[in-house]
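Letter by letter, the chains look like this.
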Amino acid sequence: MKDLPSPASHILVIGGGASGVLMAAHLLLQGGTRVTLVEKGDLLGCGIAYSTTDPDHILNTRVHNMSAFPDRPHHFHDWLIARGTDPGPNGFVSRSTYGDYMSDLLAPWQDDDRLVIRRGEITSLDLEGAGVSATLASGEAIRADRAILATGHAVPDPQPDLDSAWSFDGDVDRDGRVLIVGSGLSMIDQTLSLLKAGHRGEIVSLSRHGLLPLAHGHALPRPRPVDPPLGAEVSALLHWARGLAREAEANGGSWRDAIDSIRPHAHSLWRAMSTDHRRRFMRHAASWWGVHRHRIPPASWETVLDALTRRQLVIRRGTFSHVTRENGTRIAHMRLADGTQETLPAARIIDCRGILRDLESHGSPLIRGLLAQGVARMDPLRIGLDVGLDCRLIDANGNPVDRILALGPVSRAAFWEITAIPDIREQAARLAAIPAHQ
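Predicted model only: the values in this text are computed from it and were never measured.

1. Observations concerning the pairing of strand β1 (residues 9-14)
Moving on, step 1. Burial runs high along β1: 6 of the 6 residues are buried.
Moving on, step 2. Burial along β1 is two-sided: Ser9, Ile11 and Val13 facing one way and His10, Leu12 and Ile14 facing the other are all buried.
Moving on, step 3. Inspection of the sheet shows β1 paired to strand β2 (residues 33-39) by 6 bridges, in the parallel sense. In the strand pairing of β2, Leu12 is matched with Thr36.
Moving on, step 4. Regarding topology, helix α1 (residues 18-30) serves as the crossover connection from β1 to the parallel β2, and that connection is right-handed.
Moving on, step 5. Relative to strand β7 (residues 146-149), β1 runs parallel, the two being bridged by 4 bridges. Paired with Ile14 across the strands is Leu149, a residue of β7.

Shown next, in the form of structure tokens:
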């Protein structure tokens, strides 16, 4: 008797931002897989990173590194050319343009019955039989062989008198002071938007270290193979990295060559650290790594540098406490690096402290439910869900959950550098190759 074909596996991808769309595309390319993609928002592939409409919010990675597929490095560049735009492989484009690319990624399967896109929010996920069962807020259930959490970044709940970096409407007195809490990439975006809108008032950036993202060079980095000291103390790792930078500069390059040489080993370096070493890295070195690793385009840096030179943009070191109101004016309360307490009146206060949030406090109902059920647990440093190197969730008893995997930022605890497209696409390709019943 002729063998009957195996039924197609059914994968549920939870989250339709960049991570989820990348995951769905890689799964569909495998063939023989049905995908249900659930997204609560209106846009696919955008999430908080690429939903901006401001053309001055620029990708911080060059075109040639932003393909959705690691084995098709020119895919994004070819997409741009097909739409009449060619910044060159080493150029930069707006994040909204990249959002359009992500939204278009699933177009080849729009009439394929292997892809189902559902609008809604999944509020619970249960292990059921040999698969999983997800419940939407509407009460509808979806059953699948496996679920992949691609829920992206945990955005904090709104706070009174504190604008979110992703929802600030730009409505501010042009001569009023704006306080931006944070000094990373989101602060750069908000500053660029304010300046483009003709803002004349002071812009104050407050952060613990007062470090700004550094700029890409006009010349491309020249990374070289390096042998990382896996498992070394954080101080030894910093010494090694500085040595690579000095060596690069002595050979006519720059520190960017050293950072890009280290970059391919970031996952291995993180995995080799003990929990205590990871804690020290986050306390003493993560900010320094971030400003060197996540660089901004030269044009963006020149605009920011001009504002710094004119003292319209002021960087202060300290921590933000809370906001009060006096006669209708927002008053920011902060503790400066020297230990003194200070208040600062501001027309608007924008929260750009980043996306490293405690999922138990800021996670979605789905994530909080998984934690409450013991199907998932927080990692020891509370920077994400505890996830194995195979991306399976780790439950409250320390056991892997075979039918629920994590992708992208939600898996950060296991990989650290897993928020950029080049990392997520590699991870998506690996997960797509895992048989659904393995």
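2. Examining the pattern of salt bridges
Pairing is possible between side chains that carry opposite charge, provided their charged atoms lie close to one another.
Moving on, step 1. If you walk through the whole model with that rule in mind, you get 26 salt bridges.
Moving on, step 2. For Asp351, the salt bridge identified is with Arg353, shortest N-O distance 2.9 Å.
Moving on, step 3. Among the charged side chains, a network of salt bridges with common partners joins Glu233, Asp276, Arg279 and Arg280.

3. Description of the packing of aromatic side chains
Moving on, step 1. Following the criterion strictly, the structure yields 9 aromatic pairs and no others.
Moving on, step 2. An aromatic cluster is present here, built from Tyr50, Phe76, Trp79, Tyr98 and Tyr101 joined pairwise through their rings.
Moving on, step 3. One cation-aromatic arrangement involves Arg72 over Phe69; the distance from NZ or CZ to the ring centre is 4.7 Å.
Moving on, step 4. Residue placement shows Arg412 over the ring face of Trp416; its charged tip is 4.5 Å from the ring centre.

Cut-offs used in this document
- Residues numbered from 1 in each chain as written.
- Predicted model: local features only at pLDDT ≥ 70, side-chain atom pairs only at ≥ 80, totals over all residues.
- Heavy atoms only, no water.
- Buried < 20%, exposed > 50% of the residue type's maximum accessible area, 1.4 Å probe, protein only.
- Helix = DSSP H or I, 4+ residues; strand = E, 2+ residues; numbered from the N terminus.
- Pairing = 2+ DSSP bridges.
- Right-handed = clockwise from strand over helix to strand, strands pointing away.
- Salt bridge = Lys/Arg side-chain N within 4 Å of Asp/Glu carboxyl O.
- Phe/Tyr/Trp six-rings, centres within 6.5 Å; stacked < 30°, edge-to-face > 60°.
- Lys NZ or Arg CZ within 6 Å of the ring centre and 35° of its normal.

Remember, this is a structural readout, not a statement about activity or role.
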